[in-house]
Amino acid sequence: GGGGGGGGDGGGLLHLDVEQAKEVLPKLLILMQQHRQQQRRNKCRCPPPPSRMAVLHAIEIVAMREVPQVCSSLAAAGLPIAFISNHWMRHAFWGFLSIKELIAYAVLVATAGFEYQVYYLVTIFMHLESQIVSISPHTVSSLDLGEFLLNVEISEYRIKDYIEAMQMMRNRNGKDVTQVLQ
């Protein structure tokens, strides 16, 4: 539950209830897939989606630059950032993010490109940074940190609060990310 929030985010897709979202999200993903198939038939020069391993590698590169304390805390606990990222991605963030944020994520990647998966994940780590850093491996076991990250409900994360950070990350890291994702 909780707190402050605020203003409208414009209506449309971002005001769906859970049942509507369960119906809309698969349709959105099908539309994205059909769009990609049409691009291929039309000989579009759009690149294919990057492999999961390439995305995870790019996340590691950007996270080391953008959230070094998170990387250090995870490394001290023996938890690679790619492992946590892969877990969240494998579950399509279901159970970790709200329905609104799941849809916003799908729309972001569909409209801004696969590169934004990387920046999106890094902003989630930014969002959780104080919690991750406060769970010190000296006070609790790495299992506790891993358990926290593998089960955390990322309830206060709002993509709209991190769009600017993603754009700044792209400005700083875009060339390297693009190279890794090709």
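About the cut-offs
- Residues numbered from 1 in each chain as written.
- Predicted model: local features only at pLDDT ≥ 70, side-chain atom pairs only at ≥ 80, totals over all residues.
- Heavy atoms only, no water.
- Axes fitted to C-alpha atoms, helices over the stretch in contact; angles between N-to-C directions.
- Helix = DSSP H or I, 4+ residues; strand = E, 2+ residues; numbered from the N terminus.
- Parallel < 35°, antiparallel > 145°, perpendicular 65-115°, else oblique.
- Left-handed = near helix turned anticlockwise from the far one by under 90°.
- Contact = heavy atoms within 4.5 Å.
- Nonpolar A, V, L, I, M, F, W, Y, C, P; charged D, E, K, R; others polar.
- Core = buried A, V, L, I, M, F, W, Y, C linked by side-chain atoms within 4.5 Å.
- Buried < 20%, exposed > 50% of the residue type's maximum accessible area, 1.4 Å probe, protein only.

Engineer: Mind laying out the packing of helix α6 (residues 115–134) against helix α8 (residues 163–181), listing which residues take part and the relevant values?
Structural biologist: Close contact between α6 and α8 brings their axes to 9 Å; oriented N to C, the two are set at 130 degrees. Here α6 is positioned oblique relative to α8, judged by the angle of their axes. Two packed elements cross with a definite hand, and for α6 against α8 that hand is right-handed. Facing α6, whose interface residues are E115, Y116, V118, Y119, Y120, V122, T123 and M126, α8 presents A165, M166, Q167, M169, R170, N173, G174, V177, T178 and L181. When grouped by side-chain class, the residues that make up the contact of α6 with α8 number eleven nonpolar, five polar and two charged.

Engineer: Requested: an account of the nonpolar core, with residues and values cited.
Structural biologist: Within the largest apolar cluster, 49 residues are counted, with the highest numbers of intra-cluster contacts made by W88, F93 and Y120. Secondary-structure elements contributing two or more residues to this core are α2 (52–66), α3 (68–76), α4 (81–90), α5 (99–112), α6, α7 (142–151) and α8. Per-element tally for this core: the top contributor is α6, with ten residues. For W88, the contacting residues outside a window of four places in its chain are F93, F96, L121, I124, F125, L128, L149, V152 and I154.

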